[in-house]
Amino acid sequence: KEILENQLKIPNSFDFISERAKVYNKSCNEMNELADKSVNCIICSPPYYQMRDYGTGTEQRGLENDIETYIKGLIEDFKDCFRVLSDSGSLWVNINEPVVEKQYCAISHRFVMAMKENGWIFNDEWLWIKPNPQFTQAKRSVRSHEYIFHFVKSKEYYYDKSWLASLSDKSNSISIGTKGKIANLISSMDFRDNIIKERGNNMSVLRKKCKENGFNLTHTAGYPITIPLIAILTSSKVGDKILDIYAGTSTTGEAALATKREYIGYEIKPEFVLASKVRLENYLIDEIGLAA
């Protein structure tokens with residue numbers, strides 16, 4: 001019902017453009033709007049293999065007929081990322097490992113190996129520990145984590161840990177050593193405690209705001225804003241350009257604007273671009289003339 005209602009309310013194409021935030025309603029295959037080495041940090045979460053239909057046709061990423069085609073498509077998407085990312089920049093990719101024909105197929109790690117074969121340096125791996133995993137009674141454990149892979153182009157990449165000195169993380173949910181003189185991130189981000197309030201996604205408040213703006217938000221997937229915040233604070237500076245090639249409703253964009261960076265997103269579904277506008281516009285009051 002909501003999807004049918006949206007057909008009367010959502011334009012066939014919609015770009016959201018302001019000085020500090022731009023979300024293009026197009027594929028990320030050719031980012032002609034971006035110059036070489038003009039982006040400082042890329043944070044994204046591609047559609048997971050055979051896990052969700054976003055209603056954008058049979059050729060959409062994630063609905064390929066086989067794993068090899070899916071991974072090949074991801075590698076193609078990241079080729080232009082290599083061009084636009086600065087030599088000192090970072091790429092962070094959140095990807096999940098689905099069960100295919102009653103078994104894991106190491107899709108996430110096959111993706112990492114394919115990225116390495118295409119010139120990316122595999123720098124780090126985080127585990128996002130989730131407080132609300134999807135319960136299953138299958139003959140395997142309930143999967144309560146997702147991967148976040150950190151890639152760079154050069155060994156001379158920018159990396160800043162100074163913000164950890166002012167971090168309050170008593171339960172060591174994302175860091176270690178904050179009580180001492182030297183602090184660092186740990187490879188698992190454990191969100192089961194109180195470091196964030198969101199659970200698996202952050203859509204409930206945004207869904208209400210979209211309704212107030214006259215359309216329905218059908219998007220249900222999204223990572224908590226803490227994930228892009230950590231990546232942004234660690235691998236970029238104030239004023240830098242942050243890119244998300246699978247923008248969705250621009251959680252990455254909110255983290256970028258909240259930390260005084262610029263944001264660029266690519267999203268093929270106009271509904272999600274419109275929702276990005278709703279999410280981001282309060283950060284851009286001076287630019288687009290909105291009342292607080």
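These numbers come from a predicted model, not from an experiment.

1. Considering the nonpolar core
With 42 residues, the main nonpolar core has I43 and M189 as its most contacted residues. For this core, the element with the highest residue contribution is helix α7 (residues 270–280), accounting for 6 residues. Within the second largest apolar cluster, 37 residues are counted, among which are I67, L74, C105 and I245.

2. Considerations on the pattern of salt bridges
Within this structure, the stated rule accounts for 13 salt bridges. Close ionic contact of R61 with E64 constitutes a salt bridge, the shortest N to O distance being 2.9 Å. A relative accessible area of 9% means that E64 is categorised as buried. Overlapping salt bridges, with partners in common, bring together D36, D80 and R83 in one network.

3. Considerations on the packing of aromatic side chains
Tallying each qualifying case throughout the model produces 13 aromatic pairs. On the numbers, 6.0 Å between centres and 90° between planes, the contact of F111 with F151 is edge-to-face. With F111 in helix α3 (residues 107–117) and F151 in strand β8 (residues 145–152), the pair connects residues that are 40 residues apart, well separated along the chain. Relative accessible area serves as the criterion here: at 0%, F111 is assigned to the buried category. Each member of the aromatic cluster is reached from another via a ring pair, and the members are F78, F82, F111, W120, F122, Y147, F149, F151 and Y246. It is R143 that lies over the ring of Y104; its NZ or CZ is 4.6 Å from the centre. Cation over ring: K153 sits above F82, and NZ or CZ is 4.8 Å from the ring centre.

4. What to know about α3
When α3 is considered as a whole, its buried residues turn out to be I107, S108, F111, V112, A114 and M115. One face of α3 carries all of its buried residues, which in axial projection span an arc of 165°. On its buried face, α3 is in contact with α2 (67–84), β4 (85–95), β5 (99–100), β7 (121–129) and β8.

5. Quick word on the sheet that holds strand β3 (residues 39–44)
The strands making up a sheet associate through backbone hydrogen bonding, with each pair oriented either parallel or antiparallel. Taken together, 9 strands build an open sheet; the order of strands is β1-β2-β13-β12-β3-β4-β8-β7-β11 and the sheet is mixed. Unpaired on one side and paired on the other, β1 (16–17) and β11 (188–190) mark the two borders of the sheet. Bridge count between β4 and β8: 6 bridges; the pairing is antiparallel. Among the inter-strand pairings, V93 is bridged to a residue of β8, identified as F149. Across the face of the sheet, helix α5 (residues 226–235) comes into contact with β3, β4, β7, β8, β11 and β12 (241–244) while running at roughly 160° to β3.

6. Topic: the pairing of β3
Counting buried positions over the 6 residues of β3 gives 5, a clear majority of the element. Two elements, β3 and β4, share 5 bridges in a ladder whose sense is parallel. Looking at the pairing, C41 lines up with S90 of β4. One ladder, built from 2 bridges, connects β3 with β12; its direction is parallel. What sits directly across from I42, in β12, is L243.

Here is what the cut-offs are and how they apply
Residues numbered from 1 in each chain as written. Predicted model: local features only at pLDDT ≥ 70, side-chain atom pairs only at ≥ 80, totals over all residues. Heavy atoms only, no water. Core = buried A, V, L, I, M, F, W, Y, C linked by side-chain atoms within 4.5 Å. Buried < 20%, exposed > 50% of the residue type's maximum accessible area, 1.4 Å probe, protein only. Helix = DSSP H or I, 4+ residues; strand = E, 2+ residues; numbered from the N terminus. Salt bridge = Lys/Arg side-chain N within 4 Å of Asp/Glu carboxyl O. Phe/Tyr/Trp six-rings, centres within 6.5 Å; stacked < 30°, edge-to-face > 60°. Lys NZ or Arg CZ within 6 Å of the ring centre and 35° of its normal. Arc of directions from axis to C-beta. Contact = heavy atoms within 4.5 Å. Pairing = 2+ DSSP bridges. Axes fitted to C-alpha atoms, helices over the stretch in contact; angles between N-to-C directions.

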